[in-house]
Amino acid sequence: MTWQQLRDLDCGAIRALGDGWKSYVDAMLDQTERLRTDVVDGHLAVEHYESDTAARVREQIGLTADRYEDDLSDYASTRIATTLHEAADAFEAEQGEIKELVPLIAAHDFEIEGDPAEYDVNLSGELHRAILTTDPPQWLCDMVGIAKPAGAFDLDRLKVLFNGVDLYGTAIGLAGQYQDWLRAVMSRTRDADDEAAAALTEMREHPTELPPRLGAAYDELVGDYREAVSEEVAAEAKAIAEGTSGMSPEQVNQWWDHLSDSERDALVEDHPGWVGPVDGIPTGPRDTANRSLLDREIDGLDAQIADKERLLAGTDPESDEYETLTEAVDGLKDDRADLGRLHDRITDDDGGPAASSQTGQPFNLLGFDTEGGGRAVIAIGDPDGADNVNTYVPGTGNSLGTAGGLLSRAETMAFDAQRLGGGDDTATVMWLGYDTPDDLVQATDAAFAREGARDLESFTKGLRATADGDPANLTVTGHSYGTTMVGTAAASEGLPADNLVMIASPGTGVDTASALGADEDRVWATVNRDDPIRYAPVHGMDPTEDGFGANTFTSDAPAESSEWWKFWEGPIADHSSYWDENNGISRDNQAYIVTGNEAGVR
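The shown structure was predicted, so the numbers you read here are calculated from the model rather than taken from an experiment.

### Remarks on helix α9 (residues 231-242)
Think of an α-helix as turning once every 3.6 residues; residues three or four places apart then point the same way.
Now for step 1: Along its 12 residues, α9 runs 16 Å from first to last C-alpha, staying within 8% of the 16 Å computed at 1.5 Å per residue.
Now for step 2: For α9, the set of buried residues is Val233, Ala234, Ala237, Ala239 and Ile240.
Now for step 3: Buried residues along α9 sit in contact with α10 (249-257) and α11 (261-270).
Now for step 4: Following α9 by one or two positions, Gly243 has its phi on the positive side, about 80 degrees.

Next comes the structure, spelled out in structure tokens:
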């Protein structure tokens, strides 16, 4: 929008359009009231038709009218009318400033130039000539404190001649003030315009649900609407999701169990953000809710990228704003790519949950986030009904962008458990539920583990709470800095796990297995002979040391350097070789522990 368009904008027409929507709502509400009085309480009244069918018809019409009124009030009155009124108010406020500012600019012989995205206010040619000919306008003379020259040999003309820099500096300074004012007005105008457009676009792309259709199964429709989420249940769900309820995962699970089927379905459908990330809610509803959130997040990022690129197209490539917008677009595109890869990995061609190519078990999305480095929690199989559950916690350098590789590693672990589990059902969870250190320098800082400890504790307690029947044999496996994460959570918060497995650990934050709050006989550790992590116990004693008190198991070091002189390649690769195809002894040992067959561990 240009400043001329803003100046000439008919804000009253925008406000009148909002008023029109409100009037439309009032007129439509009159119709629903007539439906109740003339039909339900009139023609179809009990004194005319008395039967179970008639009662269901009256109730259905009443529910339809209620739903129509609710949706109409929200969609047309609250959302559309409010958006238009707010836009009109914002435009009118900025329009008032433009009508004040533009005459001031003209009165001082300044000119508005440049692109609407970043206007410039410069001295006009006439003002330049006036200063150069020592005949400045009165306002400029007043600002620099001299009288306006009256003739060719006037003393004040000499003062002007010798104060030319002050005249220019003063004029340019005032033009700069007006320029800042103009840019601020237009920036706020663009923001208001973008916000209104985004709100209206959101309404167009995600319209309100229609009321139940007459002619459908009355009992089902009536029951669903009557049992829809009450205000009380909605408030409880919101508090739980925001962490303000004070409820543990066990209590959350009890709360969930006491909801009706319709209440649970309504929460998943209407409020997926209150279901998907919440520990203590069963896997099935969490997966459904999180997939809905994932689709919405991807759609939202697409819209943001389109909006930013539209702004970018109208911005000077040499400006700071262009650089800022470019960085914002690149960040949004990175998040979009990460979420797109996640979606494609866990979704089949029909849009349903994909299955692991190694085990045939479905993927269940238990959480994701793009904040910071990003997070992802994905189960292979259903932890709620499994005999064994293995939660894999990765280490340094991982993010939402590496979730695909981590999931492949988890699939290998799932395959091994299926291969050696004796027919038991094992679910494997890839838990990237914390911000990992970016590099080895950050990996010396235990803060990342401390900050994620409560989340890992909550997740494992949630697994216990949602188990169907007998509790599963629960293992938490950490790799590299992931062992520091597991050890810190176990020691500070307590993990309700049967087994703790530490692979290639730089230290667990404690110096003894007993300090982890677990049975020492159920704490396991391994490191291969060439893994350089052996020389970096920065977070406490190496858990494979005798003094730590853990059980140890064997892992090979199968990696080799590509050239004899690249001696570092093999050891670096060996730090992540514990799931390689040619490291069968390590993979078998892990699978034996996870499936409760510890006698096979070597």
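### A closer look at the confidence of the model for the protein
Now for step 1: With 92% of its residues at a pLDDT of 70 or more, the protein shows a mean pLDDT of 89.
Now for step 2: Confidence drops under a pLDDT of 50 for residues 210-219, and excluding neighbours within four residues, the segment shows 21 contacts in the predicted structure.

### Describing the packing of aromatic side chains
Now for step 1: The final tally for this structure, using the stated rule, is 11 aromatic pairs.
Now for step 2: With 6.4 Å between their ring centres and 85 degrees between their planes, Phe448 and Tyr481 make a pair best called edge-to-face. With Phe448 in helix α15 (residues 447-465) and Tyr481 in helix α16 (residues 481-492), this pair connects stretches of sequence that are 33 residues apart.
Now for step 3: What makes Tyr481 buried here is its relative accessible area of 1%.

### Observations regarding the sheet that holds strand β9 (residues 523-526)
Now for step 1: The strand order β3-β4-β6-β5-β7-β8-β9-β10 describes an open sheet built from 8 strands, whose pairing is mixed. With partners counted over all chains shown, the strands left at the sheet margins are β3 (363-369) and β10 (551-552), one partner each.
Now for step 2: As paired elements, β9 and β10 share 2 bridges and run parallel to each other. Residue pairing in the sheet places Trp524 in a bridge with Asn551 of β10.
Now for step 3: Docked against the sheet, helix α18 (residues 584-594) engages β5 (388-393), β6 (426-432), β7 (473-479), β8 (499-503) and β9, running at close to 145 degrees with respect to β7.

Rules and cut-offs
Residues numbered from 1 in each chain as written. Predicted model: local features only at pLDDT ≥ 70, side-chain atom pairs only at ≥ 80, totals over all residues. Heavy atoms only, no water. Helix = DSSP H or I, 4+ residues; strand = E, 2+ residues; numbered from the N terminus. Expected span 1.5 Å × (residues − 1). Buried < 20%, exposed > 50% of the residue type's maximum accessible area, 1.4 Å probe, protein only. Contact = heavy atoms within 4.5 Å. pLDDT = per-residue confidence, 0-100. Phe/Tyr/Trp six-rings, centres within 6.5 Å; stacked < 30°, edge-to-face > 60°. Pairing = 2+ DSSP bridges. Axes fitted to C-alpha atoms, helices over the stretch in contact; angles between N-to-C directions.

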